[in-house]
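Residues per chain, in single letters:
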Amino acid sequence: MELRLRIDWSELDALGHVNNLQIMKYVQSARVNYLDKVDLLEMHADGKIGVILASIHTQFLKPLFFPGDVAVFSRIEYVKTSSFKLLHEIYNDKNELVAEATDILVMYDYHKGHKVPVPDVLRKKFEELEKRILNL
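Since the structure is predicted, the reported quantities are computational estimates derived from the model, not experimental observations.

Novice: What am I meant to see in the overall build of the protein chain here?
Specialist: Broken down by element type, the protein chain carries three helices and six strands. In the protein chain, the succession of helices and strands from N to C terminus is β-α-α-β-β-β-β-β-α. Dimensions of the protein chain, computed from C-alpha atoms along their principal axes, come out at roughly 45 × 30 × 20 Å. Looking at the protein chain residue by residue over its 136 residues, the buried ones come to 40%. Of the contacts formed within the protein chain by residues at least 6 apart in sequence, a portion of 63% connects residues at least 24 apart. Taken as a whole, the protein chain presents about 7,800 Å² of accessible surface, with 52% of it coming from carbon and sulfur. Side chains of the protein chain carry 18 positive and 20 negative charges; the gap between the two charge centres is 4 Å.

This is how it looks when you write it as structure tokens:
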């Protein structure tokens, strides 16, 4: 799944490139966009079953500059019993890979305060969105 964003001048740091925290915000926007597309935000609103971010890792490869756009491509890397890994690739407007990030998300019951299995309906939505069979 692709999310395109415009780089704003306010996102620059003192060295003149996009601040690393802003790149993390691009990843957050892509994560929320992905979760919305598979109806996880609605699932949380309806029944308080959602996800909790367990881990995030980012590898910065090249600086990102203003003016320009950024494209974040997100996809599921794997699904386990109660968690899944979302991979994000961040590209500049020259189609150069500038950063990679991974999120580990855990299915969580906010009423009971503990993790729960990834529902089969969600696994199916991952496959439908990505138009591929996942090794689940």
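Novice: Any chance you could explain the packing of aromatic side chains here in plain terms?
Specialist: Aromatic rings considered in pairs are described by the distance between their centres and by the relative angle of their planes. If you walk through the whole model with that rule in mind, you get four aromatic pairs. Note on Y34 and F126: the rings are 6.1 Å apart at their centroids and 45° apart in plane angle, and the pair reads as tilted. Here Y34 is found in helix α1 (residues 20–37), whereas its partner F126 is found in helix α3 (residues 120–130), with 92 residues between them in sequence. Both residues of the pair, Y34 and F126, belong to the buried class.

Novice: It is not clear to me how the pattern of salt bridges should be interpreted in this structure. Could you clarify?
Specialist: Side-chain pairs of opposite charge can arise whenever the charged atoms involved come near each other. For the structure shown, the criterion picks out eight salt bridges. Residue K62 pairs with E96 through a salt bridge whose shortest N-O separation is 3.3 Å. Pair noted here: K62 is in the loop between β2 (49–60) and β3 (69–79) and E96 is in the loop between β4 (83–92) and β5 (97–109), with a separation of 34 residues, a long-range link. Among the residues examined, K62 registers a relative accessible area of 36% and is labelled partly exposed. Accessibility expressed as a relative area gives 28% for E96, which makes it partly exposed. Between E130 and R132 there is a salt bridge, and its shortest N-O distance comes to 2.5 Å.

Novice: What's the story with the pairing of β3 in this structure? I'm lost.
Specialist: Moving residue by residue along a regular strand, the side chains alternate between the two faces of the sheet. As judged from the five bridges shared by strand β1 (residues 2–6) and β3, these two strands associate in the antiparallel manner. Each bridged residue has a counterpart across the sheet, and for L3 the counterpart in β3 is V72. The pairing of β3 with β4 spans nine bridges and is antiparallel. Within the sheet, the bridge partner assigned to V72 lies in β4 and is I90.

About the criteria used
Residues numbered from 1 in each chain as written. Predicted model: local features only at pLDDT ≥ 70, side-chain atom pairs only at ≥ 80, totals over all residues. Heavy atoms only, no water. Helix = DSSP H or I, 4+ residues; strand = E, 2+ residues; numbered from the N terminus. Buried < 20%, exposed > 50% of the residue type's maximum accessible area, 1.4 Å probe, protein only. Contact = heavy atoms within 4.5 Å. Areas by Shrake-Rupley, 256 points an atom, 1.4 Å probe, with all protein chains shown as cover. Lys, Arg positive; Asp, Glu negative; His and termini not counted. Charge placed at Lys NZ, Arg CZ, Asp CG, Glu CD. Phe/Tyr/Trp six-rings, centres within 6.5 Å; stacked < 30°, edge-to-face > 60°. Salt bridge = Lys/Arg side-chain N within 4 Å of Asp/Glu carboxyl O. Pairing = 2+ DSSP bridges.

Function cannot be read off these values alone, since they describe shape.
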